[in-house]
Amino acid sequence: MTPHRSSGGAGTDRETHRELKDLRRAEREAQRDERAAARAERAAIRRARMALRRGEQPPPLVGPHAGRTFHKLRLPAHMETTAQIAGIYPFVVDAGLDTPGMYIGRHVWSGDSFVFDVFELYRQQVIENPNFAVFGSVGSRKSSLLKTLISRGAAFGYQAAVPCDPKGEYTRLARRLGCEPTYIGPGLSTRLNPLDAPPRPPGMADADWSREVKRARSALLSSLIETAKGVPLTPSEHTAVDLALDVVTRQITGASTDRQATPLLPHVLDAMTNPSEADCAALPVTAAELRDSSRDATLTLRRLTHGALGGLFDGPTTSPLDFDRPIAVLNLERVQGSDEMIALIMTCAQAWMEAALMRQDGVQRYVVYDECWRLMRFAGLVRRLSAQQKLARQWGCANAIVAHRISDLLSASPDSVEVAKGLLAETAIRILYKQASDQIPDTQRALDLTDVASDMLPRLDPGFALWLIGNRAFYVEHVVGDLEIPVVLNGSKMHGEVDNINLVPDDLDPVMLDGYDYRDRAEYDATDDGEYADYAGYGPDAGHYAERGARYGTGGFAVDAPPAGQDEFSAEEMMDTFPYGPLSREI
């Protein structure tokens, strides 16, 4: 029997082949349609570009919705940690401060110019107070920032006061702005009388003025004695101080305001040492009892006039601080070895400065407390600085606290540690230059820094700083103009140069001063190889611009040498030398 062979298998193969052939035909047609659509789109783009070049407007959209979608686009919310969001949006940075200001440098993260004006920031309510703090290790160029803020602010009418310049580094800046610092220290003829009367406000009656002068003198003298003594004065000591002032000024005899004498510390010391029974008639103690109970304050005052601190406060003021000039600088380079002497001088300077700040003259000032670590162990100064920060808005001043590290503020005396911590809390702006690695934990805790900001601090190059303004952070490179380079330079002796910028007539040989006024521009022969060749042409307007030929090995610029034929620069001329063009309040 022959088996039957079905034809079903061959028919199935033909059907499969036909389906594959149809599928390939459909794919080719789809590809042709895609290429045709792409060609049509490119042609439409070319036609639209040509129409735009000819000035034609695109045709309006037609249809019931004119190109608008009927349903709003809704995307599900995406939640992520801050560590991951930086990877999702890696190129988003803060656009900068939206306020006018002085040019500071370059915002590194965005590449834009960074402008800053603390008074404008306060006026526009970006910050709550105008105080700021600058921290940075040695050589991080934090002082350069303060000097350029002062020099650039002078072009806009801002004044400055530096009540403590322990390194003498603001002398060039003061002279550039047409002012001469006040020098004080051992061996100098300069004297400061802390009991000078403050400027009298207009319209104040004689009796009111007399009481105000007495209050100011009593408060300052008590602060001086308290700072030198190290403990607060007792009621008996306060009484002895007030009585001695009344005796010396003749207020106890009823002298009128215009006939009252200006007291000197030696005269006050004599009155405290030997009080008379007649002077103590209105007191519930005898003269002997008052003398015995105020013995410590009397002996402390004697140190200010006859002891190790003598020669500074024992005579009439010879070089008063003028706070009406563009800048007032108290040069304390000669008192490097005595923090106590610096604290006493600053107590006087703060009192005089506060009298100037209280005047309603409409002037805004920068008040710079450089090397602030020297003041932290004196409780009276810390409390006075804290009070000045609280009154900054009323007085129209921006207080700048400059220190190497956060721990400098924590080194205050035990009875003023909390007040010192408050100094940092009362600053709305913190500028952080390079910090040593062992200082990062304290800095992060004190300023509540993020891990990213803390990791940046040890790796910052000189001139780069992290600016914390309110809740915002900016990574800024400080740019110094050509004419500002001689002003901000420090450490010229490290380059083998003779640094005579802080010389005064007391430092020169009397032979040189015979018939010579160091303020004149007449110069000695700078080519003289004799004993006094280094002093040739010295003067606030001559010597510090003298071209000596000494240049930095790597910088390539002459120290303190303006362009040939030009000896003076105005504040406005200094502003026109920046890499990004002339400086303005808003660039």
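What this report covers is the structure whose coordinates are included nearby. (Residues numbered from 1 in each chain as written. Predicted model: local features only at pLDDT ≥ 70, side-chain atom pairs only at ≥ 80, totals over all residues. Heavy atoms only, no water.)

Together, Lys21, Arg24, Arg28, Arg32, Arg35, Arg39, Arg42, Arg46 and Arg47 give the surface a local cluster of positive charge. As for its position among the elements, Arg47 is in helix α1 (residues 8-53). (Patch = residues over 30% accessible without salt bridge, like charges linked within 9 Å, V, L, I, M, F, W, Y side chains within 5 Å. Areas by Shrake-Rupley, 256 points an atom, 1.4 Å probe, with all protein chains shown as cover. Salt bridge = Lys/Arg side-chain N within 4 Å of Asp/Glu carboxyl O. Lys, Arg positive; Asp, Glu negative; His and termini not counted. Charge placed at Lys NZ, Arg CZ, Asp CG, Glu CD. Helix = DSSP H or I, 4+ residues; strand = E, 2+ residues; numbered from the N terminus.)

Moving on to the packing of aromatic side chains. The tally for this structure, following the rule as stated, stands at 8 aromatic pairs. We note Lys147 situated over the ring of Tyr170; from NZ or CZ to the ring centre the distance is 5.7 Å. (Phe/Tyr/Trp six-rings, centres within 6.5 Å; stacked < 30°, edge-to-face > 60°. Lys NZ or Arg CZ within 6 Å of the ring centre and 35° of its normal.)

On to the pairing of strand β6 (residues 327-331), then. The buried fraction of β6 is high, at 5 of 5 residues. Here β6 shows no split at all, with Ile327, Val329 and Asn331 on one side and Ala328 and Leu330 on the other all buried. Two elements, strand β4 (residues 159-165) and β6, share 4 bridges in a ladder whose sense is parallel. Looking at the pairing, Val162 lines up with Val329 of β6. Taken together, the 2 bridges between strand β5 (residues 182-183) and β6 define a ladder with parallel strand orientation. In the sheet register, Tyr183 faces β6, and the bridge partner there is Asn331. (Buried < 20%, exposed > 50% of the residue type's maximum accessible area, 1.4 Å probe, protein only. Pairing = 2+ DSSP bridges.)

Across the interface, helix α12 (residues 379-390) lies against helix α14 (residues 417-425) with an axial gap of 9 Å and an inter-helix angle of 30°. In terms of their interaxial angle, α12 and α14 are classed as roughly parallel. Remark: the crossing between α12 and α14 carries left-handed chirality. Across the interface between the two elements, Val382, Arg383, Leu385, Ser386 and Gln389 from α12 touch Val419, Ala420, Gly422 and Leu423 from α14. Residues that form the contact of α12 with α14 fall into these classes: 5 nonpolar, 3 polar and 1 charged. (Axes fitted to C-alpha atoms, helices over the stretch in contact; angles between N-to-C directions. Parallel < 35°, antiparallel > 145°, perpendicular 65-115°, else oblique. Left-handed = near helix turned anticlockwise from the far one by under 90°. Contact = heavy atoms within 4.5 Å. Nonpolar A, V, L, I, M, F, W, Y, C, P; charged D, E, K, R; others polar.)

Further remarks concern helix α15 (residues 440-447). When α15 is considered as a whole, its buried residues turn out to be Ile440, Thr443 and Leu447. The buried residues of α15 all sit within an arc of 65° when viewed along its axis, so they share a single face. The elements touched by buried residues of α15 are α14, β9 (429-432), α16 (451-456) and β10 (464-469). At the C-terminal side of α15, Asp448 shows a positive phi close to 55°. (Arc of directions from axis to C-beta.)

In the Ramachandran plot, Glu371 falls in the positive-phi region, its phi being about 50° despite a non-glycine side chain. As for its position among the elements, Glu371 is in the loop between β7 (365-369) and α12. A residue is classified by how much of its surface remains accessible, and Glu371, at 8% relative accessible area, is buried. Here Asp448, not a glycine, exhibits a phi torsion of approximately 55°, which is positive. Note on placement: Asp448 falls in the loop between α15 and α16. Overall, Asp448 belongs to the exposed group, its relative accessible area being 68%.

Before going further, it helps to examine the nonpolar core. In this structure, Leu221, Val268, Leu301 and Ile345 are the most contacted members of the largest nonpolar core, which totals 82 residues. Apart from residues lying up to four places away in sequence, Ile345 is in contact with Ile184, Leu192, Leu312, Phe313, Leu330 and Leu332. One finds Phe114, Leu121, Ala160 and Ile469 within the second-largest nonpolar core, a separate group that totals 40 residues. (Core = buried A, V, L, I, M, F, W, Y, C linked by side-chain atoms within 4.5 Å.)

This part covers the sheet that holds β5. The strands that make up a sheet pair up through hydrogen bonds in the backbone, lying either parallel or antiparallel. The sheet built from 11 strands is open, its strands ordered β2-β1-β11-β10-β9-β3-β8-β7-β4-β6-β5 with mixed pairing. Of all strands in the sheet, those bounded by a partner on one side alone are β2 (113-116) and β5. In this sheet, β2 lies alongside strand β1 (residues 102-107) in antiparallel orientation, the contact comprising 4 bridges. Directly across from Met102, in β2, lies its bridge partner Phe116. Strands β1, β2, β3 (132-135), β4, β6, β7, β8 (397-403), β9, β10 and β11 (472-478) of the sheet are contacted by helix α4 (residues 142-154), whose axis makes an angle of about 140° with β1.

The subject of this paragraph is the pairing of β3. Side chains of β3 alternate between two faces, with Phe132 and Val134 and Ala133 and Phe135 buried alike. Looking at chain direction, β3 and β8 are connected through 4 bridges and run parallel. If you follow Phe132 over to β8, its bridge partner there is Ala400. Bridge count for β3 against β9 is 4 bridges, and the pairing is parallel. From the neighbouring strand, Val134 faces β9, where its bridge partner is Ile431.

Next up on the list: the packing of helix α11 (residues 339-357) against α12. When two helices pack together, their arrangement is captured by the angle between the axes and the distance separating the axes. It is the contact of α11 with α12, at a shortest axis distance of 11 Å, that shows an interaxial angle of 20°. What the angle tells us is that α11 and α12 run roughly parallel. Classified by chirality, the crossing of α12 by α11 is left-handed. When α11 is examined against α12, the residues Ala343, Met346, Thr347, Gln350, Ala351, Met353, Glu354 and Leu357 are found in contact with a partner set consisting of Leu381, Arg384, Leu385 and Gln388. Here the residues of the contact of α11 with α12 sort into 7 nonpolar, 3 polar and 2 charged.

By the definition in use, this model includes 17 salt bridges. For Glu237, the salt bridge goes to Lys229, with nearest N and O atoms at 2.6 Å. The exposure class assigned to Glu237 is buried, which follows from its relative accessible area of 2%. Overall, Lys229 belongs to the partly exposed group, its relative accessible area being 23%. As a salt-bridge pair, Glu426 and Lys390 come within 2.6 Å of each other at their nearest N and O atoms. You can see Glu426 sitting in the loop between α14 and β9 and its partner Lys390 sitting in helix α12, a full 36 residues away along the chain.

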